[in-house]
Amino acid sequence: MTETPHVNVNPDAQAAQTGPDTFVAPGPARDEVVAAEEAAPQASIAEAGNPVALADHLAVEGGEVERGQPGRRLTLGFDRFSGLYVWAALILLFAIWIPHTFLTTNNFQITAGNQAITAMLALGLIIPLSAGVFDLSFAGMAGVSVCITAWVQTHGQSPLVAALAAIAAGAVVGAVNGFIVVALRVNSFIATLGMSSLLLAVAYWITNGQQITSGFNQSFLNFGTSTFLGLAYPFYVMLGLAIIIYIVIEYLPVGRYLYAVGGNAQAARLAGVRVNRIVFGSLFTSAVVAGLTGVVLCAELGVASSDTGPSYLLPAFSAVFLGSTMIRPGRVNVIGTLIAIYLLATGIDGLQLAGAPVYVTDLFNGGALIIAVALAARSHRRT
Amino acid sequence: MVPSPVLQVQGLSKTFPGQRALIDVDMDLQPGEIRALVGQNGSGKSTLIKILAGYHDPDPGGQVHVAGQPLALGAAAAGEHAGLRFVHQDLGLVPTLDARDNLAMGHGYERNRAGLISWGREHRLARQALKDLGYDIDVRQPVSHLAASERTAVALARALSPRRADPRVLVLDEPTASLPVAEVHRLFDVVRTVRSQGVAVLFVSHHLDEVFALCESVTVLRDGRHVATRPVAGLDEDGLIALMVGRAVEQGQAQAASAAGHEAALRVRGLTTNVLSSIDLDVGAGEIVGVAGITGSGREQVALALFGGIARSGSVTVGGHDVEPQRPDKAVEAGLALVPAERHANAAFLEFNLRENVSISNPGDFVRRGLLSRRSEVSDVSLWLRKLNVQPPRPDRILNTLSGGNQQKVMLARWLRRKPAVLVLDEPTQGVDVGAKADIHALIDEAAAAGAAVLVISTDHNELTRLAERVVVLRRGQIADRMHQPNIDPDSITAATLGTDTGAVA
């Protein structure tokens, strides 16, 4: 299997920006609303606070409110397994529409393998997002990692040394991100946005603006393109990473701490959670995962250029946000993210096979991001 | 001849579900008068002010006249147009904006002929408005860079701005709560300047010494009713306190502070924050100690300072081990547990289920063979939810689908499960219904009986009387009084929190 032209989405910061606000910001807590109203008594009552949030909280204060049951019937479509329904529907649609090209083993294998890189990055991104911390630099980090992996090999080192160097670079970048956010108290969105630009410069500097196309170790390239049981090796790397992150998040105390910090950082701190350490660790982890992903991506592409990374930013964010509307609605989670990845990939793949123009990829990813965040905001209000 | 009152309140009542907050209150204010409005927590002061501000709709039948004209109640802009102005305790300024912008809020900016903001005129107007109050401030500084009294001046200048209608009545709601003593006197001078321009001032304060220093007359509310309006001359502090609590009360007598028979599980020495200064406190194992104090006395900082939620100096030891400042995790390790005030902001994970809310303080307890065991977590949390009579006792319920009382019990379960050596509760029954309140009190007793040292910080003086063997009373950041059973009752606690300072009592 060879690489297909990979998704070329511009790092659209603005689109990403619509995500965070709606997704993370909860309605003002009741106390804040009251305080705000007291602060501005001259304002009319309707203006004084967010009426929805206020009504919401008042309803809760009023006593035992049965919500889940009646709400669930109305929002069946957005329930825990909605993503699976949509995915099945997409497969069915293309199976009927373009059976000869879509319904081939080859097509499924390629789709599964192609998405390994986006999926690995999205899995890394889950960690900071679950703690309410943004990492916009992971795609840039993956790009730098690709360049380091190639550059070190062209200088006569073994692929193992190259991979370790790239992963170590991830650790350094993650530690710097963590330091900026925790010690310098810079908002994570800003800090990692800045870092993503720095990393783009670093990638250019390493490659000198040229593509690195030769000097790779052959077994390294084989790793990127060989298949096992019909699926590319990178797919299995992604699967292993998914299992590890799933266990960390669902079955280790640190997973609870991540969600707690994302849910209410002040409450987490007063419950004895070391919030700073969690924030630092989450940024560190996502950068290390990005470093690892870059190594795999380099092997898959067999070429390194400075602009490889940024195109993965938007698809990964889309997948994590879309994933947060399913399995555990309102929370970013591993299974939901994987379903989202393959749901998006199936849609794009099917449309392209059906003859849609190449820009359908950008269209689909952007639309999915907005819809995902709107759904996330909806489920946030619901719970 | 008696001049006609500028503010006339007649037969004002306000009923909230299950509570009559204000009952048939009358009050007149003359132009140029400085009137104090006093009363305990829950006496109806805030309700009265919020009705005047148009924030609450009163019950039908009440009337308010400003300068003889009836005021449309329940409409915010009406009071503004009639000349009612308010400065609230938190001032309502936008800290990142400068004085000019803050003054323009609510009034709009001066425009030039092209429709653009005329900054020159804005600048002059802002400087002049502040100069009239005796302040020379750089109006281009963000107000967060100004001193506390300067911020108060900006808020006052905004309230007194004549751009919409001349101010007639100025309501100051706890304006001194965040001011150092020297600045309080400066504020008084400003208030007197305002008064001399014929504006009536309604001054709401818990600090009775300020009432005596500034005001000519005082209106006392108690349990929603108007109790008395009197000239300040001829009243003394005990007399005023008696009016507020409804009977004569002796201010609590200082007693030697020793927890005889208790080994101090919590030992606090020289606890100091930006409000608290040098607090010493011991709580013995099995003992329940209360902390009382009005807002601004430092009461609201005690729990967070002990637990590491805010910066502090001084030493806190639990069972002989020092607790590092600003490290809640170390405090938990040392055996401290905190159920903080303002549950939604400080303790609750509203969108998480009860299981996660309870186990978050120590999920490590449920690790079996290296992984979190949901089964052991569910069974332990269920046990505690039943023990605390949480309704419904289902670990998979989302927290914000429970009533306030049940939410608070979940917060308690989080800590009682850990069997802490020291349990600190800040306003443990805030926003909790009567039944749950009794349950929570019983749980606190039980925790103490099981050997925990318990510190209960509360503005509910009945609660302190019910629970505490000793009560420590804070005033202006210091311990002003220590009371012991059987000499503790709600009224004497109230009196002690309101008393004037005659120096901290050791």
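An account of the accompanying structure is given in this report. (Residues numbered from 1 in each chain as written. Chains lettered and ligands numbered in written order. Predicted model: local features only at pLDDT ≥ 70, side-chain atom pairs only at ≥ 80, totals over all residues. Heavy atoms only, no water.)

### What about the nonpolar core?
Now for step 1: Leu123(A), Phe138(A), Met238(A) and Phe317(A) are the most contacted members of the largest nonpolar core, which has 103 residues in total.
Now for step 2: Top contributing element to this core by residue count: helix H17 (residues 275–301) of chain A, with 12 residues.
Now for step 3: Aside from chain neighbours lying at most four places away, what touches Met238(A) is Ala116(A), Ala119(A), Met120(A), Leu123(A), Leu338(A) and Tyr342(A).
Now for step 4: By size, the runner-up hydrophobic cluster in this structure holds 75 residues, among which are Ala337(B), Ala347(B), Val390(B) and Val471(B). (Core = buried A, V, L, I, M, F, W, Y, C linked by side-chain atoms within 4.5 Å. Buried < 20%, exposed > 50% of the residue type's maximum accessible area, 1.4 Å probe, protein only. Helix = DSSP H or I, 4+ residues; strand = E, 2+ residues; numbered from the N terminus. Contact = heavy atoms within 4.5 Å.)

### Details of the environment of Ser373(B)
Residues and elements named next belong to chain B.
Now for step 1: With respect to the secondary-structure elements, Ser373 resides in the loop between strand S18 (371–372) and helix H13 (374–387).
Now for step 2: Overall, the relative accessible area of 16% leaves Ser373 in the buried class.
Now for step 3: In this structure, the C-alpha to C-alpha distance between Ser373 and Pro363, residues 10 residues apart in sequence, is 9.7 Å.
Now for step 4: If we skip the residues at most four places from it in the chain, Ser373 touches Phe366 and Arg368.
Now for step 5: Within the local environment of Ser373, its side chain forms a polar contact with the backbone nitrogen of Ser376, the two atoms lying 3.1 Å apart. (Polar contact = N/O pair within 3.5 Å; in protein donor to acceptor, adjacent residues only side chain to side chain.)

### Description of the sheet that holds strand S15 (residues 321–322) of chain B
Residue and element names in this part refer to chain B.
Now for step 1: A sheet is described by the order of its strands in space; here 4 strands give the open sequence S12-S11-S14-S15, paired in antiparallel fashion. The open sheet is flanked by strand S12 (279–284) and S15, the only strands paired with a single partner.
Now for step 2: As defined by bridge partners, strand S14 (residues 313–318) adjoins S15 across 2 bridges and the pair is classed as antiparallel. Residue pairing across strands places Thr317 opposite Asp322, the latter belonging to S15. (Pairing = 2+ DSSP bridges.)

### Topic: helix H15 (residues 434–449) of chain B
The α-helix advances 3.6 residues per turn, and as a result positions three or four apart in sequence lie on the same side.
All names here are of chain B.
Now for step 1: Relative to the 22 Å expected for 16 residues at 1.5 Å per residue, H15 spans 23 Å between its end C-alpha atoms, a close match to the ideal helical length.
Now for step 2: Here H15 has its buried residues at Ala436, Ile440, His441, Leu443, Ile444, Ala447 and Ala448. Taken end-on, H15 shows its buried residues confined to a sector of 160°, consistent with a single buried face. Along H15, exposed side chains directed more than 90 degrees from the buried face belong to Val434 and Ala449.
Now for step 3: Those residues of H15 that are buried lie in contact with strand S13 (288–293), helix H14 (404–416), strand S19 (422–426), strand S20 (453–457) and helix H16 (461–467).
Now for step 4: Gly451 occupies a position one or two residues after H15 and carries a positive phi of about 110°. (Expected span 1.5 Å × (residues − 1). Arc of directions from axis to C-beta.)

### Some remarks on the packing of helix H10 (residues 138–154) of chain A against helix H12 (residues 188–207) of chain A
Residues and elements named next belong to chain A.
Now for step 1: Between H10 and H12, whose axes approach to 8 Å, the crossing angle comes to 15°. With respect to their mutual orientation, H10 and H12 come out roughly parallel. Judged by the sense of rotation from one axis to the other, the crossing of H10 with H12 is left-handed. Touching Gly140, Met141, Val144, Cys147, Ile148 and Trp151 of H10 are Leu199, Val202, Ala203, Ile206 and Thr207, all from H12.
Now for step 2: In terms of residue class, the contact of H10 with H12 is built from 9 nonpolar, 2 polar and no charged. (Axes fitted to C-alpha atoms, helices over the stretch in contact; angles between N-to-C directions. Parallel < 35°, antiparallel > 145°, perpendicular 65-115°, else oblique. Left-handed = near helix turned anticlockwise from the far one by under 90°. Nonpolar A, V, L, I, M, F, W, Y, C, P; charged D, E, K, R; others polar.)

### Overview of unusual backbone geometry
Now for step 1: Following Gln391(B), the chain continues into Pro392(B) via a peptide bond in cis, with omega recorded as -10°.
Now for step 2: Take Pro392(B): it is sitting in the loop between H13 and H14.
Now for step 3: With an omega of 5°, the peptide bond running from Gln485(B) to Pro486(B) counts as cis.
Now for step 4: Positive phi, close to 55°, is recorded for Arg185(A), a residue that is not glycine.
Now for step 5: As for its position among the elements, Arg185(A) is in the loop between helix H11 (159–182) and H12.
Now for step 6: The backbone phi angle of Glu427(B) is positive, close to 50°, even though this residue is not glycine.
Now for step 7: With respect to the helices and strands, the residue Glu427(B) is situated in the loop between S19 and H15.

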